[in-house]
Amino acid sequence: MCLSSSEPASLPAEDISTNSNGPKQDLLFDEDPEDLFAEATEEVSLDSPERDLLLSDGPSPAITPITPPTSVITPCIGHSLLRIKFEQFQTCFLQIEEEEGGDLFDMNISVSDPEKVGDGMNAYMAYKVTTKTSMSVFKRTEFSVKRRFSDFLGLHSKLASKYLHVGYIVPPAPEKSIVGMTKVKVGKEDQSSNEFVEKRRSALERYLMRTVKHPVLLKDPDVLQFLESSDLPRAVSTQALSSAGLLRMVNKAADAVNKMTIKMNESDAWFEEKQQHFENLDVQLRKLHASVESLVCHRKELSVNTAQFAKSAAMLGNSEDHTALSRALSQLAEVEEKIDQLHQDQANADFYLFSELLGDYVRLITAVKGVFDHRMKTWQKWQDSQMLLQKKREAEAKLQFTNKPDKLQQAKDEIKELEGKVQQGERDFEQISKTIRKEVSRFEKDRVKDFKTIIIKYLESLVQTQQQLIKYWEAFLPEAKAIS
Amino acid sequence: MMQEGLDDGPDFLSEEDRGPRAVNVDLQTDATLQVDISDALSERDKVKFTVHTKSTLPNFKQNEFSVVRQHEEFIWLHDSFVENEDYAGYIIPPAPPRPDFDASREKLQKLGEGEGSMTKEEFTKMKQELEAEYLAIFKKTVAMHEVFLCRVAAHPVLRKDLNFHVFLEYNQDLSVRGKNKKEKLEDFFKNVVKSADGVLVAGVKDVDDFFEHEKTFLLEYHNRVKDASAKSDKMIRSHKSAADDINRIASSLYTLGTQDSTDLCKFFLKVSELFEKTRKIEARVAADEDLKLADLLKYYLRESQAAKDLLYRRSRALVDYENANKALDKARAKNRDVLQAETSQQLCCHKFEKISESAKQELIDFKTRRVAAFRKNLVELAELELKHAKGNLQLLQSCLGVLKGNT
């Protein structure tokens, strides 16, 4: 029993009916009481399949009504449903609980060989994504595909729409840069556009590694397809100025307003504490990031100024008419030239190791905060259902005294429906709370590991710089002493 | 070396700093006349230097004595040398630059105004740094004034100058006021005339190979030292900025360390401590480069200018001599005022020869001094760079050892 597996080349909005949670899906998956998503409901909007953080809702008309608890709905509803192979999907969810006892994480993804494809404003960079792995979820141990930047954004978009609102921290994709990309498109082969491409390549690599390190995301069919399949339909609605992009912006704005109006009774101190913790972390990391960016800038400046001084010292050495001093000054110029290269290398380490780590985490924490927000919205939904139920009950009580059997029956039906909804709302809330707890614990573990590993690497780069400096000055000292 | 933080009161020199420093030049200190700046006081808008003299010369009433002088009085002394025709054949030691605490004072003031917007720790930290910067500028200005006096004291002729002795001994205010507007304008025009003249004079090819070579050499050298001095300043400023960034990074890491609830808190605190220490070293590197490299170049910028001025005066004298010759020929031809022309010509000749003779020696000495100073400073620069790099390395490695051991 499967939906058509022929994949449409574009993302057809028209394929997705408002009833994607309808009876069709009942037949797709076996009931599995262990399945985390056994009774998750899904909100589906009417238009864009590329839903980013769908936050502007409330009891939206698109929300599916109560589904009987026996049906299993996965949160992966959407266009992607049309593409996946169901057995794979099924097993991936079954494996969620087994993640500890399952495959050890052994995977390495590299993004390389940026290549310009096309000309003019339609040009784009294609990157080679190579995966090396021994994990069983993959068919091969080593494979490559070509991907462009919008493909990465498309992947993130899909993952976000599937997982964010149930509490998973989905790593954010690297940021767009219209200026940077325009330079590349226009064909400027200069240092700044090379640096831009390298920055982006590195960011894409880190993004993919973070995504696959997430035990749930790794098994997602979209992720697998992204890594493995040589053809990937273009993700069109990732463009900033597309209608989907505009919808995203509207949603984000609406969300900001909503957030201010939700007053949640936090019964669980853990959440309050964690939210505060992430707030503080956000502030401090941003501050630190700014300082590190400043350091990168000054170090690059230092490199340039050292190079200029080296040239000047060489000139001075040339005009010096005392031979030994002249030679020593030329040596000084050479030392300074080597040191300028050292500063340049150190600035790169400052950036690629330290600064990018901080930038990544600032963005990650935004995703974390988003997940907490989703929990609040889930709570709100539950509360709204409860209030509505209360009202309906009151209305029904009143109707008891009138002679309107039809209306009374209708009221009773509505109440039954709402009761189910309230129960679902409570379950959703508990589910997302549970997921978030797990996710935060995993996130914090990763954070500790990441920071320790990368900062140690960074310190090692500093060690190298000092060792080189010692070498250069030790070579120069006898030259200086030789002046007579 | 550099002290951080103020000693009590604005008197910045500790015991170890007393005694001749003469950082930029290699001078023979001679028991017959030793001069140094033993103390200095920084007040609102002036610096008071205590000039200390030790001498066995009969010219002075005592063998050891001190007076207090201000910057304007150094300038007065320098200018009196420049204006003295007898000294036309010598390289006049360049005047020390005016003490400039404006930038530093401005920063301290800004800090005071911004006190409310930062935490107490940040404020104390920044204050300490700005005070250290102030102290460093102060020490530099003292050193530069001292070098000037030492150069004069070491010069066989200038050390006998009467104004110099008055400067050293007279324990009242010399009442030399800074130049007023009129005098500054006069100076300006003098310089304009001089440079216009300089162009004319430079065009005159010298018969003497030695001086011809020196002229070519000095012109080029002076320009290149100027460029090197400017570039070294820029380089050192970037270095200081980077050290400041590391300081801020250390503070942020410290805050993160105190806030974090995971394993990272100890980690961050350790790294913060490391960066605190390494940035102090980086700041020292910048300060030492400033002292040994930038100041050296600045000094030789001024000295090479003084040497150029000597060459100019000699060329001027040569032109005067040649003109006097021409005038004499004319006078002889017309047979009028011959005696006058002869005397004039003899005077010019004598002046020119005197200048040439002493100039030659001065320029040779200049080279010797220059080579010695560069050698001393480059060696010290390399040694300090090595010392700091090794210190840095040791800190980094020991911290890494701890961090890796704990993970």
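About the thresholds
Residues numbered from 1 in each chain as written. Chains lettered and ligands numbered in written order. Predicted model: local features only at pLDDT ≥ 70, side-chain atom pairs only at ≥ 80, totals over all residues. Heavy atoms only, no water. Buried < 20%, exposed > 50% of the residue type's maximum accessible area, 1.4 Å probe, protein only. Helix = DSSP H or I, 4+ residues; strand = E, 2+ residues; numbered from the N terminus. Pairing = 2+ DSSP bridges. Axes fitted to C-alpha atoms, helices over the stretch in contact; angles between N-to-C directions. Parallel < 35°, antiparallel > 145°, perpendicular 65-115°, else oblique. Left-handed = near helix turned anticlockwise from the far one by under 90°. Contact = heavy atoms within 4.5 Å. Nonpolar A, V, L, I, M, F, W, Y, C, P; charged D, E, K, R; others polar. UniProt positions renumbered as here; feature names shortened; annotations may be inferred. Buried area = accessible area lost by both parts, 1.4 Å probe. Salt bridge = Lys/Arg side-chain N within 4 Å of Asp/Glu carboxyl O. Polar contact = N/O pair within 3.5 Å; in protein donor to acceptor, adjacent residues only side chain to side chain.

All names here are of chain B. The element strand β1 (residues 33-42) is extensively covered by neighbouring structure, given that seven of its ten residues are classed as buried. Bridging between β1 and strand β2 (residues 47-55) involves nine bridges; their strand directions are antiparallel. Paired with Asp-36 across the two strands is His-52, which belongs to β2. Linking β1 back to β2 in an antiparallel pair, the connection comprises four residues.

Residues and elements named next belong to chain B. The N-to-C vectors of helix α3 (residues 120-154) and helix α7 (residues 264-334) enclose an angle of 25 degrees; their axes lie 12 Å apart at closest approach. Classified by the angle between their axes, α3 and α7 sit roughly parallel to one another. The interaxial crossing formed by α3 with α7 has right-handed handedness. Residues Lys-125, Glu-129, Lys-140, Met-144, Val-147 and Arg-151 of α3 form the contact with α7, whose participating residues are Glu-276, Arg-279, Asp-290, Leu-291, Asp-295, Tyr-299, Arg-302 and Glu-303. Of the residues belonging to the contact of α3 with α7, the class tally is four nonpolar, no polar and ten charged.

This part covers unusual backbone geometry. As a rule of thumb, non-glycine residues mostly have phi less than zero, and peptide bonds are mostly trans rather than cis. Residues and elements named next belong to chain B. Located in the positive-phi region is Asn-335, a residue other than glycine, with phi close to 60 degrees. Looking at the element boundaries, Asn-335 is found in the loop between α7 and α8 (338-406). Residue Asn-335 is classed as exposed on the basis of its relative accessible area of 62%. The backbone of Asp-337 sits at a positive phi, close to 50 degrees, despite the residue not being glycine. Structurally, Asp-337 is set in the loop between α7 and α8.

A few words on the sheet that holds strand β3 (residues 142-148) of chain A. Residues and elements named next belong to chain A. With respect to topology, three strands assemble into an open sheet ordered β1-β2-β3, the strand pairing being antiparallel. Whereas interior strands pair on both sides, the edge strands pair on one side only; in this sheet they are β1 (107-117) and β3. Strand-to-strand twist across the sheet, computed as the mean angle between neighbouring axes with direction ignored, equals 20 degrees. Pairing geometry for strand β2 (residues 124-133) and β3, over seven bridges, is antiparallel.

With that settled, the discussion passes to the UniProt feature "coiled-coil region" (unreviewed entry) in chain A. UniProt records the feature "coiled-coil region" (unreviewed entry) for residues 408-435 of chain A in the present numbering. With 100% helix and 0% strand, residues 408-435 of chain A has end C-alpha atoms that lie 40 Å from one another.

Let us now look at the interface of chain B and chain A. Between chain B and chain A, the contact holds 62 residues from the first and 55 residues from the second. Each partner contributes to the roughly 5,400 Å² buried at the junction of chain B and chain A, and carbon and sulfur atoms together form 71% of this total. Counting the contacts that link chain B with chain A gives eight salt bridges. At the boundary of chain B and chain A, one finds 17 residue pairs in polar contact (both at pLDDT 80 or more). When residues of the side of chain B that touches chain A are traced back to their parent elements, those giving at least two are α6 (209-259), α7 and α8 of chain B.

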